[in-house]
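# Structural description and commentary
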Amino acid sequence: MSMLTERMKTWRHVFKLDPNRSLSESALEKVCTAGTDAVIVGGTDGITYENSRELIQRITEYPVQCVQEISVESAVVPGADGYLIPVVLNSSSHRWVVEAQHQAIRKYGDWIPWQDVAALGYVVLHRESKVARLTESRTEMESADLTAYARLAEFLFRMPALYVEYSGMYGEERMVRAARQGLEKSRLFYGGGISREEQAQVMSRAADTVVVGNLVYQDLEAALQSVRWVKETETNGASQDD
Ligand SMILES: CC(C)=CCC/C(C)=C/CC/C(C)=C/CC/C(C)=C/CC/C(C)=C/CC/C(C)=C/CC/C(C)=C/COP(=O)(O)OP(=O)(O)O
Ligand SMILES: O=P(O)(O)OC[C@@H](O)CO
Ligand SMILES: [Mg+2]
């Protein structure tokens, strides 16, 4: 299998499943066979090795890429198709920018399969979200700040992707477009509050990859439809590939 950063370039739609929430086997089968490009396993609270391993093992029964987004060092599950490492660029605590990552790299050292690892430069914008509270993110910003974070992610930190995160809330298109303005090749992820076709279309035009999370648990049929909503929409100004 090619490097994770290469595979990510093909992702238009991804589901994010939370190990701390339950999903029946028939629902999981529908999610994994709906035509999404990857399933990300991750969340902010109640994440353990046991619940992550259980969900990842279930997903690997299906022919879809299964990638773990690591938010807790002790929950890393060997055997996933890849590992996404969040770096919260607008956190006011260095813990979520370098320290948690440093500790984990110290712990796992030689075991880390770097070809299957990619950093995600997060900018967290929903003030009331769990992730904003956990990471003490500075969510108040102007669009120019977001453009600057995007440039910082791509040109200073050489990150393969910038993630505009509105977890739990539908975000502002102008902010996603501001992030796009700062990027050339790095991928632009959007996630947050997608529940209707028109929302998915707007964000699919602005971003490269659209992440659908909570909708899976709120309205499974709509979540399954979101694959089509995203994939039938063309992106504007996609990141340039080599
Ligand atoms: C043996 C083997 C194969 C080993 C693998 C080696 C490997 C890959 C090691 C990992 C090395 C490494 C650098 C790990 C990182 C460790 C770590 C803890 C980093 C910190 C990450 C971070 C900044 C977390 C903060 C929280 C965050 C950004 C979470 C992302 C997910 C998210 C926002 C989910 C949405 O949350 P949800 O719970 O759904 O929210 P709602 O309930 O509101 O919907
Ligand atoms: O759960 P929702 O609001 O869809 O957000 C998706 C994802 O961006 C969460 O990390
Ligand atoms: Mg969630």
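Note: the structure precedes this text.
Presented here is an overview of the structure given in this document. Only a predicted model underlies this, so the values are computations on that prediction, with no experimental measurement involved.

## Here we look at the site of ligand 1
Residues in close proximity to ligand 1 total 32 residues, the closest being Thr44, Glu69, Lys130, Glu165 and Asn214. In the model, an oxygen atom of ligand 1 is placed 2.6 Å from a nitrogen or oxygen of the Lys130 side chain. Asn214 is positioned with one of its side-chain polar atoms (N or O) 3.0 Å from an oxygen atom of ligand 1. For ligand 1, whose free accessible area comes to 1100 Å², the fraction covered by protein is 92%. At the level of secondary structure, the elements contributing two or more residues to the shell around ligand 1 comprise strand 4 (82-88), helix 4 (99-108) and helix 5 (130-135). Partitioning the shell around ligand 1 into residue classes produces 18 nonpolar, seven polar and seven charged.

## Topic: the packing of aromatic side chains
Evaluated as defined, the whole model comprises five aromatic pairs. Arranged with centres 4.3 Å apart and planes meeting at 15 degrees, the rings of Tyr122 and Tyr163 form a pair that is stacked. Taken together, the residues span a long stretch of sequence, with Tyr122 in strand 5 (residues 117-124) and Tyr163 in strand 6 (residues 161-165) at a distance of 41 residues. The buried category is assigned to Tyr122, whose relative accessible area is 4%. Summarising the aromatic geometry, the rings of Tyr170 and Tyr190 are spaced 6.5 Å apart at their centres and angled 75 degrees between planes, so their arrangement reads as edge-to-face. Separated by 20 residues along the polypeptide, Tyr170 in the loop between strand 6 and helix 7 (173-181) and Tyr190 in strand 7 (residues 187-191) bring together distant segments of the chain. By relative accessible area, which is 27% here, Tyr170 ends up partly exposed. Residue classification places Tyr190 among the buried residues on the basis of a relative accessible area of 0%.

Calculation rules
- Every chain begins its residue count from 1, and numbering advances along the sequence as written.
- Chains carry letters and ligands carry numbers; both start at the beginning, A for chains and 1 for ligands, and go up in the order they are written.
- Only residues with pLDDT of at least 70 are given local features in this predicted model, and only at 80 or more are side-chain atom pairs given and counted; all residues enter the totals for whole chains, interfaces and linings.
- By convention in this description, side-chain values take in all heavy atoms of the structure and omit both hydrogens and water.
- Nearness here has a simple test: a residue counts as near a molecule or strand if at least one of its heavy atoms is within 4 Å of that partner.
- For this analysis, a polar contact is any N or O atom pair within 3.5 Å, provided that within protein one partner can donate a hydrogen and the other can accept it, and provided that sequence-adjacent residues contribute only side-chain to side-chain pairs.
- The method behind every accessible area is Shrake-Rupley, applied with a 1.4 Å probe, and residues are considered shielded solely by the protein chains displayed.
- Only runs of H or I of at least four residues qualify as helices and only runs of E of at least two qualify as strands under DSSP, and these elements are numbered from the N terminus.
- Residues were grouped as follows: Ala, Val, Leu, Ile, Met, Phe, Trp, Tyr, Cys and Pro as nonpolar; Asp, Glu, Lys and Arg as charged; and all remaining residues, including Gly, as polar.
- Two rings belonging to Phe, Tyr or Trp (six-membered ring only in the last case) form a pair when the distance between their centres is within 6.5 Å. Interplanar angles under 30 degrees mark stacking, angles over 60 mark edge-to-face geometry, and anything in between is tilted.
- For each residue, the accessible area found with a 1.4 Å probe, counting protein chains only, is set against the maximum for its type, and the residue is called buried under 20%, exposed over 50%, and partly exposed in between.

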